[in-house]
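# An overview of the molecular structure
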Amino acid sequence: MALFKKQTAGKPGEWYYCLKHQKVEEGPECPAKDRFGPYASRAEAGRAMDTAQERNLEWETDPRWHDKQGGNGTDAAESGRNG
């Protein structure tokens, strides 16, 4: 039995989405490596996976992150690949 319990950082009223348990939690309950947040409301935390998916899509389609190099028509990310 451990003498000291490692506490997670956070405050009541802060909402998190636990990736491991796939649920909304207040406090938080799980370690930072397993959660998104904090969010201002329970509803906002409940949409965490949708929000992440929307942000990923925005990033993947943002032309500022996919500059063309030279005249060969490849993305900057692809130009470093050996083929």
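Refer to the structure presented above.
The structure contained in this document is the topic of the report that follows. Note that the structure is a prediction, hence the values are computed from the model and not measured. (Residues numbered from 1 in each chain as written. Predicted model: local features only at pLDDT ≥ 70, side-chain atom pairs only at ≥ 80, totals over all residues. Heavy atoms only, no water.)

## Quick notes on the packing of aromatic side chains
Under the counting rule described, the total for this entry stands at 0 aromatic pairs. Over the face of the ring belonging to Tyr16 we find Arg35, whose NZ or CZ atom lies 4.7 Å from the ring centre. (Phe/Tyr/Trp six-rings, centres within 6.5 Å; stacked < 30°, edge-to-face > 60°. Lys NZ or Arg CZ within 6 Å of the ring centre and 35° of its normal.)

## Regarding the nonpolar core
The biggest cluster of nonpolar side chains holds 5 residues, and these are Trp15, Tyr17, Tyr39, Ala45 and Ala48. For Ala48, the residues in contact, after removing those within four places along its chain, are Tyr17, Phe36 and Tyr39. (Core = buried A, V, L, I, M, F, W, Y, C linked by side-chain atoms within 4.5 Å. Buried < 20%, exposed > 50% of the residue type's maximum accessible area, 1.4 Å probe, protein only. Contact = heavy atoms within 4.5 Å.)

## Some points on the pattern of salt bridges
Summed over all chains, the structure comprises 5 salt bridges. As a salt-bridge pair, Asp50 and Arg47 come within 3.7 Å of each other at their nearest N and O atoms. Taking relative accessible area as the criterion, Asp50 reaches 38% and is therefore assigned partly exposed. Taking relative accessible area as the criterion, Arg47 reaches 39% and is therefore assigned partly exposed. Ionic pairing is found between Arg64 and Asp62, a salt bridge with its closest N-O pair at 2.8 Å. Residue Arg64 is classed as exposed on the basis of its relative accessible area, which comes to 66%. (Salt bridge = Lys/Arg side-chain N within 4 Å of Asp/Glu carboxyl O.)

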